[in-house]
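Below are the chains, spelled out letter by letter.
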Amino acid sequence: MTGPVQLVDAEGNPFEHKESFSLCRCGGSGNKPYCDGTHKSIGFESSPRAKKE
């Protein structure tokens, strides 16, 4: 995604974030909801891809 975004929790409270950020998908980040690279050391693998239209 590109352009300005607002990141909010389930209750609508905004998270502070930098202009560019990556979200954690592995669940192991020490800085959730942001990725801190932990996926590399815990062997996280994921292969789902969005379907082409």
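In what follows, the structure referred to is the one given above.
Just so we're clear, the structure is a prediction, and the values are computed from it rather than from any experiment.

Account for the overall build of the protein, naming residues and giving values.
Of regular secondary structure, the protein possesses 1 helix and 0 strands. The globule rule puts the C-alpha radius of gyration for 53 residues at 10 Å, and the 13 Å found for the protein is more than 25% above it. Reported as C-alpha extents along the three principal axes, the dimensions of the protein are approximately 35 × 30 × 20 Å. Across the 53 residues of the protein, 8% fall into the buried class. When the accessible surface of the protein is summed, it comes to about 5,000 Å², and 48% of that surface belongs to carbon and sulfur atoms. In the protein, 7 positive and 7 negative side-chain charges are present, and the distance between their average locations comes to 11 Å.

Quick one: what's the story with the packing of aromatic side chains, residue by residue and with numbers?
Under the defined criterion, the tally for this structure stands at 1 aromatic pair. Judged by centre distance (5.8 Å) and plane angle (80°), the rings of F21 and Y34 are edge-to-face. Here the residue F21 occupies a position in the segment before helix 1 (38–42), and Y34 occupies one in the segment before helix 1, the gap between them amounting to 13 residues. Classification of F21 as partly exposed rests on a relative accessible area of 27%. Look at Y34 and you get buried, because its relative accessible area is 12%.

How each quantity is defined
- Residues numbered from 1 in each chain as written.
- Predicted model: local features only at pLDDT ≥ 70, side-chain atom pairs only at ≥ 80, totals over all residues.
- Heavy atoms only, no water.
- Helix = DSSP H or I, 4+ residues; strand = E, 2+ residues; numbered from the N terminus.
- Rg over C-alpha atoms; globule rule 2.2 N^0.38 Å.
- Buried < 20%, exposed > 50% of the residue type's maximum accessible area, 1.4 Å probe, protein only.
- Areas by Shrake-Rupley, 256 points an atom, 1.4 Å probe, with all protein chains shown as cover.
- Lys, Arg positive; Asp, Glu negative; His and termini not counted.
- Charge placed at Lys NZ, Arg CZ, Asp CG, Glu CD.
- Phe/Tyr/Trp six-rings, centres within 6.5 Å; stacked < 30°, edge-to-face > 60°.

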